[in-house]
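Structural characterization, general
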Amino acid sequence: MTHSFDKDYWDRIWDGDRAAAMAAGQPNPHLVREIADLSPGTALDAGCGAGAEAIWLATGGWQVTAADIATTALARAAERAAASGVAARVRWVEADLARWQPDTRYDLVTTHYAHPAMPQLDFYDRIASWVAPAGTLLIVGHLHHQDHASGTGHGHDETGPPASASVTAADITARLDPLVWQVVTARESHRALPGHGGHAASIHDVVVRANRRP
């Protein structure tokens, strides 16, 4: 499949054979680790997929706006939130994140392997502008390296994302003005998860957490 990252692309992913498995995914471990020490407030999950991260945040007391372009992903997410008892804490928004503009800023803006139809670093710049003063930005993306592999839970095929959708920690932090941001975490992570046919899948992540100065 061509990585166009438009609505048709993501709708085909979430209507495909692997959608049920993707929808059953657990919250990203980087989110769990990086955000556990924050007091709950308002949060935006940009490119929420089937909602594992949004639901985890809502369960922890956050009031969450969760946005994604894929209709089926959001339907699955809403069902899962209702089953988890947190439907009232999550607002699901069908939106093209390359165009959508929220009407407020958030205490936390986070994204996990999201790829709209725009340059990856420009997307990160865009969501960073939605962080409120004294708020937190958390980016979990695909690490750019010679053999980058796909992430989990957000719908890439087995060949992984194209190089244009992967970045390094330095790529991201170079875009964060130190007069505006304090970088807390800039880490490149390698982990293994069970893959198809019992083979381990190597996951190569980039994780950047930054606090917007008051």
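All of these numbers come straight from a predicted model, not from anything done at the bench.

1. Re the overall build of the protein chain
What the protein chain contains, in helices and strands, is 7 helices and 8 strands. In the protein chain, which comprises 214 residues, the proportion classed as buried is 50%. Summarising the internal contacts of the protein chain: among those between residues at least 6 apart in sequence, 71% fall at separations of at least 24.

2. Digging into the pairing of strand β1 (residues 42-46)
Within a regular strand, the side chains alternate between the two sheet faces. Counting buried positions over the 5 residues of β1 gives 4, a clear majority of the element. In this structure, β1 lies alongside strand β2 (residues 63-68), joined through 5 bridges in parallel fashion. Looking at the pairing, A46 lines up with A67 of β2. Between β1 and its parallel partner β2, the chain crosses via helix α4 (residues 52-59), and the hand of that crossover is right-handed. Note: β1 against strand β4 (residues 106-112), 3 bridges, orientation parallel.

3. Things to note about the packing of aromatic side chains
For the coordinates displayed, the defined rule picks out 5 aromatic pairs. With a centroid separation of 5.8 Å and an interplanar angle of 15°, the aromatic rings of F5 and W10 are classed as stacked. W10 matches F5 in its accessibility class, with the two residues each being buried. Members of the aromatic cluster, connected to one another through ring pairs, are F5, Y9 and W10.

4. A few points about the packing of helix α1 (residues 7-14) against helix α5 (residues 71-84)
Two numbers describe how α1 lies on α5: the axes approach to 7 Å, and their chain directions differ by 50°. For the element pair α1 / α5, the angle class is oblique. Contact residues: α1 offers K7, D11 and W14, while α5 offers T71, T72, A73 and R76. Considered class by class, the residues forming the contact of α1 with α5 number 2 nonpolar, 2 polar and 3 charged.

5. Let's talk about the side chain of E34
Summarising the element assignment, E34 is placed in helix α3 (residues 29-35). The contact partners of E34, leaving out residues within four places of it in the chain, are L138, T185, R187, V207 and R209.

6. Considerations on the nonpolar core
By size, the foremost hydrophobic cluster in this structure holds 28 residues, and its most contacted members are W100, V109, Y124, I127, L137 and I172. Elements supplying a minimum of two residues to this core: β1, β4, α6 (120-128), β5 (131-143), α7 (169-173) and β8 (200-212). Per-element accounting of this core gives the leading share, 5 residues, to α6. Contact partners of W100, with chain neighbours within four places excluded, come to L44, T65, A67, V93, A95, Y106, R126 and W130. Core analysis: the next-biggest nonpolar cluster, separate from the first, contains 21 residues, I35, A54, L74 and V207 among them.

7. Notes on α4
Among the 8 residues in α4, 6 count as buried, and that is most of the element. Packed against the buried residues of α4 are α3, β1, β2, α5, β3 (90-94) and β4. Remark: G61 follows α4 within two positions and exhibits a positive phi of approximately 105°.

8. Quick word on unusual backbone geometry
Even without being glycine, Y113 reaches a positive phi, approximately 60°. Under the relative-accessibility criterion, Y113 is labelled buried at 1%.

9. Side note on the pattern of salt bridges
Tallied over the entire structure, the rule returns 9 salt bridges. The closest approach of N and O atoms between R12 and D8, which form a salt bridge, is 3.1 Å. Here the residue R12 and the residue D8 both occupy positions in helix α1, the gap between them amounting to 4 residues, near one helical turn. For R99, the salt bridge identified is with D96, shortest N-O distance 3.6 Å. A residue is classified by how much of its surface remains accessible, and R99, at 68% relative accessible area, is exposed. One network of salt bridges, with partners in common, ties together E34, D37, R187 and R209.

Here is what the cut-offs are and how they apply
- Residues numbered from 1 in each chain as written.
- Predicted model: local features only at pLDDT ≥ 70, side-chain atom pairs only at ≥ 80, totals over all residues.
- Heavy atoms only, no water.
- Helix = DSSP H or I, 4+ residues; strand = E, 2+ residues; numbered from the N terminus.
- Buried < 20%, exposed > 50% of the residue type's maximum accessible area, 1.4 Å probe, protein only.
- Contact = heavy atoms within 4.5 Å.
- Pairing = 2+ DSSP bridges.
- Right-handed = clockwise from strand over helix to strand, strands pointing away.
- Phe/Tyr/Trp six-rings, centres within 6.5 Å; stacked < 30°, edge-to-face > 60°.
- Axes fitted to C-alpha atoms, helices over the stretch in contact; angles between N-to-C directions.
- Parallel < 35°, antiparallel > 145°, perpendicular 65-115°, else oblique.
- Nonpolar A, V, L, I, M, F, W, Y, C, P; charged D, E, K, R; others polar.
- Core = buried A, V, L, I, M, F, W, Y, C linked by side-chain atoms within 4.5 Å.
- Salt bridge = Lys/Arg side-chain N within 4 Å of Asp/Glu carboxyl O.

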